[in-house]
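# Descriptive analysis of the structure
These are the residues of each chain, in order.
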Amino acid sequence: MSIDEETLVEILLDYLPRTRWWIKRRISRSDIKIEKLLEGKEGFIVFFNDSYNNYYIPCIRINKSDLNTRLLERNLYVEINSNVYVEAEYSPHYFKLLDSLRDSILSRKYTSIDGRFVLGEPLTLDTTNVLGKITLENSSSLVVKGYRLLLRENIEPLMMSRLWSKGFFNIPVLYRVYSTWTNQGEMHLSIVTGFIGRGFDGGYPFYLKLKEYLNTEYTRSSNVDDYLLLDHALKLGRIIGEMHIKLNSEYSREFFGLEEITRSDIKEWTSRIENRYNSVLRSAEKLISSDLVGLRKEIEEDLYYWINELDSIKVRNSINTALSIVEEMENTYKGRIHQDLHLGQMIYLPEMKDFIITDFEGEPARRGVEKFAKEPLIRDLASMIQSFNYLAIVTYSMHSLNTSLGGSWEEYIANACRKLAEDKNLDLWLWVKKHVDAMISEYNQTTLKDRVSVDLFNYNKPFREAFRRYLYPWVIERALYELDYELNYRPLWFPIPILTLTYSHLISIDVTI
């Protein structure tokens, strides 16, 4: 194939706005600069930038009659010199293309792939990375995740490579990682893992059990213990503990490993909490002036109630307590964590009663140095506590929906949260707390210094006291992160993290322990 740069730019200008992964909707000729074109078997790879970011697209030549229906419907293909091309992750010839360019493309192999590739298709077309599913002749399948935006701070391939090499198998089978070298260093292009078929969202088994409980005509004397999945919560604690051990099995200033928390870290984290709170207040002001218009009066009143709570003494006290506890953490340990751990990042395998963590990209809003930053390991547990809070509150909101009033269940989240705040003895909190306590207890047992021959925490207080106390600020920090997101993207959901800020002692932890 021979294609000149001008033609290639015109093709990109036409094609990019159709994709989900291209964030910028408007694009002009001056925005695109071709950096490199690699031609290989069955197709080509183009590297380009838009003055701000670097991107790449691998393209495979196919017969138009073989074009996947979903790609055809979404117009996700291009025609060049009478040939049809699709993004390579959607083709069984993906490996042939990348392996034919081994002078420029580095391939790290972790598990052998046996068999001939017979089918390629999109796994989904609605994510910010390209996800393709490639099926082998033995009917097993692989998932190819292509990172279109080339970032030095792409931590997922590093995390999964480390975990797989260390024998942590609560992740998909890792087959290959592709990368290339640029003047900015190594850039990861894609990761190839096993396809997990018969599974559910990680929160699904807990949701079913809680739904079963809420569907009973329970009373104050009802026994919430009959509706628990403590064995599953224990499993989660064990998985998270093992993950932290594999990521931090030594003391090191490198990407993996433990380091002492410094005064600079304390300053960074307290500033983050304060900045997020200020950002939340600004987002709330913006919401008041726009997105509440047109809602039914009762829904609007509930949302205003929670907006007023944002500036309440209870919220400010929660934040001030979090800030003061962070100050106590100097010289304890920080290490490599997941950053964005929650039930939605996992797949539950019912036949094995096990969980697989599928995503290691970290917290989406982080960029640059913050993406690589180490943090206290218990921050991942704080994220999981919030995940249980979300699951419980959303399930309760759906259950308490008055269908006679019309509208979607999301419109009743604010009202459901008010009921939960007022009914402080509701067994829902006990349901959450028992699962959280089981998860934390098993995590503690898994990470005991005597068991793993390394102290992951270096606490300066008795372990149980320190663990519960130091967990608190990260629950608050995570709630602020989620609150800022909800106010900007899902305004009907924002009362959920506010409930954590105002009633954290009911939901998960008591800092007076």
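Let me begin by describing the structure that accompanies this report. (Residues numbered from 1 in each chain as written. Predicted model: local features only at pLDDT ≥ 70, side-chain atom pairs only at ≥ 80, totals over all residues. Heavy atoms only, no water.)

This part is about the overall build of the protein. For the protein, the count of helices and strands is 16 helices and 17 strands. For 513 residues, the compact-globule estimate of 2.2 N^0.38 gives 24 Å, and the C-alpha radius of gyration of the protein, at 25 Å, lies within 12% of that figure. A principal-axis box enclosing the C-alpha atoms of the protein has dimensions of 75 × 60 × 45 Å. With 513 residues in all, the protein has 55% of them scored as buried. Once local pairs closer than 6 in sequence are excluded, the contacts in the protein between residues at least 24 apart make up 72%. Element-wise, carbon and sulfur atoms account for 47% of the exposed surface of the protein, whose accessible area totals about 22,500 Å². (Helix = DSSP H or I, 4+ residues; strand = E, 2+ residues; numbered from the N terminus. Rg over C-alpha atoms; globule rule 2.2 N^0.38 Å. Buried < 20%, exposed > 50% of the residue type's maximum accessible area, 1.4 Å probe, protein only. Contact = heavy atoms within 4.5 Å. Areas by Shrake-Rupley, 256 points an atom, 1.4 Å probe, with all protein chains shown as cover.)

Let us now look at the pairing of strand 7 (residues 117–124). Bridge count between strand 7 and strand 8 (residues 130–136): 6 bridges; the pairing is antiparallel. Across the sheet, residue Thr124 finds its bridge partner in strand 8, namely Leu131. Remark: 5 residues form the turn of the hairpin made by strand 7 and strand 8, two consecutive strands paired antiparallel. (Pairing = 2+ DSSP bridges.)

Our focus in this paragraph is empty space enclosed by the protein. All told, the structure shown has 3 cavities of 30 Å³ or more when counted by the stated rule. In this structure, the largest cavity spans a volume of roughly 110 Å³. Looking at the lining of the largest cavity, the elements that each hand over two or more residues are helix 1 (5–15), strand 2 (43–49), strand 3 (54–62), strand 4 (78–80) and strand 5 (83–87). The element that contributes the greatest number of residues to the lining of the largest cavity is helix 1, accounting for 4 residues. Residues belonging to the lining of the largest cavity are distributed by class as follows: 13 nonpolar, no polar and 1 charged. Here the second largest cavity defines a volume of roughly 80 Å³. For the second largest cavity, the lining is made up of 15 residues, of which Arg20, Trp21, Tyr90, Leu125 and Thr127 are closest to its centre. Across the lining of the second largest cavity, the residue classes tally to 6 nonpolar, 4 polar and 5 charged. (1 Å grid on protein atoms, 1.4 Å probe; cavity = no way out; pocket = protein on both sides within 12 Å on 5 of 7 lines; lining within 4 Å. Points joined across faces, edges and corners; volume = space filled by probe spheres on them. Nonpolar A, V, L, I, M, F, W, Y, C, P; charged D, E, K, R; others polar.)

Residues other than glycine seldom take positive phi values, yet Ser51 does so here, at roughly 80°. On the accessibility criterion, Ser51 (59% relative accessible area) is exposed. Non-glycine residue Ser82 carries a positive phi angle of around 70°. Structurally, the position occupied by Ser82 is in the loop between strand 4 and strand 5. The class for Ser82 is exposed, based on a relative accessible area of 74%.

Our focus in this paragraph is helix 11 (residues 378–399). Between its terminal C-alpha atoms helix 11 stretches 32 Å, which fits the 32 Å expected from 22 residues at 1.5 Å a residue. Burial runs high along helix 11: 20 of the 22 residues are buried. (Expected span 1.5 Å × (residues − 1).)

Another aspect to go through is the packing of helix 4 (residues 156–165) against helix 6 (residues 230–247). Closest axis-to-axis distance for the helix 4/helix 6 pair is 9 Å, and the angle between their directions is 100°. By the criterion of interaxial angle, the relationship of helix 4 to helix 6 is roughly perpendicular. Together, Met159, Arg162 and Leu163 of helix 4 and Met243, Lys246 and Leu247 of helix 6 make up the contact between the two elements. For the contact of helix 4 with helix 6, the per-class residue count stands at 4 nonpolar, no polar and 2 charged. (Axes fitted to C-alpha atoms, helices over the stretch in contact; angles between N-to-C directions. Parallel < 35°, antiparallel > 145°, perpendicular 65-115°, else oblique.)

What follows is about the sheet that holds strand 13 (residues 200–201). Spatially, 3 strands are ordered 13-16-17 in an open sheet, and the strand pairing comes out antiparallel. The open sheet is flanked by strand 13 and strand 17 (354–357), the only strands paired with a single partner. Inspection of the sheet shows strand 16 (residues 346–349) paired to strand 17 by 4 bridges, in the antiparallel sense. The residue bridging Tyr348 from the neighbouring strand is Phe355, located in strand 17. Each of strand 16 and strand 17 touches helix 6; the most contacted strand, strand 17, lies at about 40° to it.

Scanning all chains against the criterion turns up 46 salt bridges. Where Glu351 meets Arg198, a salt bridge forms, and the shortest distance between an N and an O atom there is 4.0 Å. With Glu351 in the loop between strand 16 and strand 17 and Arg198 in the loop between strand 12 (185–194) and strand 13, the pair connects residues that are 153 residues apart, well separated along the chain. Take Glu351 and Arg198: they sit in the same class, and that class is exposed. Residues Arg272 and Glu477 are paired through a salt bridge, measuring 2.9 Å at the closest nitrogen-oxygen approach. Within this pair, whereas Arg272 is found in helix 7 (residues 263–288), its partner Glu477 is found in helix 15 (residues 463–489), the two being separated by 205 residues in sequence. On the accessibility criterion, Arg272 (6% relative accessible area) is buried. Several salt bridges converge on common partners, so that one network encompasses Arg272, Arg276, Asp340, Glu363, Arg366, Glu370, Glu375, Arg379, Glu477, Arg478 and Glu482. (Salt bridge = Lys/Arg side-chain N within 4 Å of Asp/Glu carboxyl O.)

As for its placement among the helices and strands, Ala416 is situated in helix 12 (residues 413–422). Taking relative accessible area as the criterion, Ala416 reaches 1% and is therefore assigned buried. Between the C-alpha atom of Ala416 and that of Ser91, which follows or precedes it by 325 residues, the distance is 47 Å. Setting aside residues no more than four positions away along its own chain, Ala416 makes contact with Tyr396, Ser397 and Ser400.

By themselves, these figures tell us nothing about what the structure is for.
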